[in-house]
Amino acid sequence: MKFKNVLWILAGALFVGCSDSNNESDDDSDSLFDDGFIVINEGNMSGGTLSFVDNTFTVTTNDLYGSINGGDGLGAYVQSVFEAGERAFVVSNGSNVITVVNENDFTLIDKIDTNLAVPRYGLVYGNRIYVTNQDSFLTTTDDYVAVFDATTYGHITNIALNTAAERIIEENGKIIVSNGAFGVGTGITIIDPATNTISAQVATPLAPNTIEEENGILYVLCSNYESASQLVKINLSTNAITETITFPETLINCSNLTLENGSFYFTKDSKVYRFPLTATAVTDSPLFTSQAQVLYGFAVEDNQIYVADAKDYQSAGAVYIYSANGTLAHTLAVGLIPNGFFFVD
């Protein structure tokens with residue numbers, strides 16, 4: 001995803017009225033802007049936003065979408081972003097809307113605002129959009145995956161799960177949904193996209209928090225507010241659990257599983273942990289403790305560790321970027337309640 005066009009739009013607005021003497025040349029100016037990443041600012045019922053940060057960590061544009069689309073809003077509680085081809089899809093669960101934008105310049109293409117009930121995460125596979133929906137907060141039995149046409153954005157069907165619907169990924173023609181959220185629920189559901197029906201369900205000891213896949217193995221971080229967290233490994237060829245690593249009793253409610261460069265990462269409170277994928281045990285020995293008051297979002301990309309700080313949930317948030325060994329390299333001011341990251345290629 002290229003964001004040079006986005007930055008030119010924003011830069012043009014900043015430099016209107018300036019003389020040519022304040023600029024070097026078009027080529028030199030263009031070299032200042034390269035790819036970057038997006039911070040997802042969840043916000044509140046008044047609305048959430050996206051912040052764009054370039055790869056030099058010197059240009060931060062808060063409310064990226066609104067800045068480009070005449071002040072249009074993304075809706076309440078921006079939850080996640082996913083992409084397909086030249087499009088990015090922004091999921092706002094407080095407003096039951098998915099905003100579809102051109103990922104080259106972030107201009108609005110369309111909005112999906114039907115057959116959604118607290119949408120959480122999504123993906124595009126083939127010509128279909130799959131979106132998990134939490135529906136009522138009082139029960140998990142009404143959760144479902146909504147399916148839309150990826151060309152017309154028309155609704156196709158809902159796949160009832162009769163359990164929690166949260167994270168969703170695709171691997172080797174399987175749509176994989178984690179059946180846990182906020183420490184409630186259990187298991188993994190596998191959907192066959194050819195028929196949009198459930199083909200398998202795999203029970204897990206605790207509620208899945210986050211899921212990642214590598215080399216045909218699904219890694220599931222399971223946790224709740226009472227028990228020691230667990231890392232469960234599922235062979236996606238057989239849908240069988242091949243290994244379960246139970247963490248120390250001090251590591252309850254762990255979250256943010258991430259796989260990168262042969263290691264798995266997770267967080268507990270403001271602490272960041274890293275272990276090799278080959279590890280058969282986990283200890284309560286963090287890689288480092290972050291500066292975050294409330295560690296609310298986490299990612300590892302290109303040997304850098306990204307931490308989103310929601311602070312007091314009322315003030316503007318912050319992003320801290322660390323080296324692979326946990327040395328703080330950058331601190332960025334972003335929007336309200338940053339909950340995650342979306343990286344561009």
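The residue count restarts for each chain, going from 1 along the sequence in the order it is written. Only residues with pLDDT of at least 70 are given local features in this predicted model, and only at 80 or more are side-chain atom pairs given and counted; all residues enter the totals for whole chains, interfaces and linings. In computing side-chain values, all of the structure's heavy atoms are included and hydrogens and water are not.

1. As for the sheet that holds strand E23 (residues 288–289)
Strands in a sheet are paired, the pairing made by backbone hydrogen bonds, and the direction either parallel or antiparallel.
And step 1. By the convention used here, strands pair only if DSSP detects at least 2 bridges between them. A run of DSSP states H or I qualifies as a helix once it reaches four residues; a run of E qualifies as a strand once it reaches two. Both are numbered from the N-terminal end. Across the sheet, four strands lie side by side as E20-E21-E22-E23; this open sheet has antiparallel pairing. Either end of the sheet is taken by a strand with one partner, and the two such strands are strand E20 (255–260) and E23.
And step 2. In terms of strand pairing, strand E21 (residues 263–268) meets strand E22 (residues 271–276) through six bridges, oriented antiparallel. Across the sheet, residue Tyr 265 finds its bridge partner in E22, namely Arg 274.

2. Considerations on the sheet that holds strand E16 (residues 208–214)
And step 1. Spatially, E16-E17-E18-E19 is the arrangement adopted by the four strands of the open sheet, whose pairing is antiparallel. Strand pairing shows two members of the sheet lacking a second neighbour, E16 and strand E19 (240–246), which therefore form its edges. Pairs of neighbouring strands in the sheet enclose a mean axial angle of 20°, with direction left out of account.
And step 2. In the sheet, E16 pairs with strand E17 (residues 217–222) via six bridges, with the strands oriented antiparallel. Following the sheet pairing, Thr 210 is matched in E17 by Leu 221. Orientation is described by lines fitted to C-alpha atoms, with helices fitted over the stretch in contact, and by angles between N-to-C directions that extend from 0 to 180 degrees.

3. Describing the side chain of Asn 339
And step 1. With respect to the helices and strands, the residue Asn 339 is situated in strand E28 (residues 338–343).
And step 2. Throughout, exposure labels follow a simple rule: accessible area from a 1.4 Å probe, protein chains only, divided by the maximum for the residue type, with under 20% read as buried, over 50% as exposed, and the rest as partly exposed. Residue Asn 339 is classed as buried on the basis of its relative accessible area of 14%.
And step 3. Here a polar contact is taken to be a pair of N or O atoms separated by no more than 3.5 Å, where protein atoms must pair a possible hydrogen donor with a possible acceptor and residues adjacent in sequence count only if both atoms sit in side chains. For Asn 339, the side chain forms a polar contact with the main-chain oxygen of Val 78, separated by 3.2 Å.

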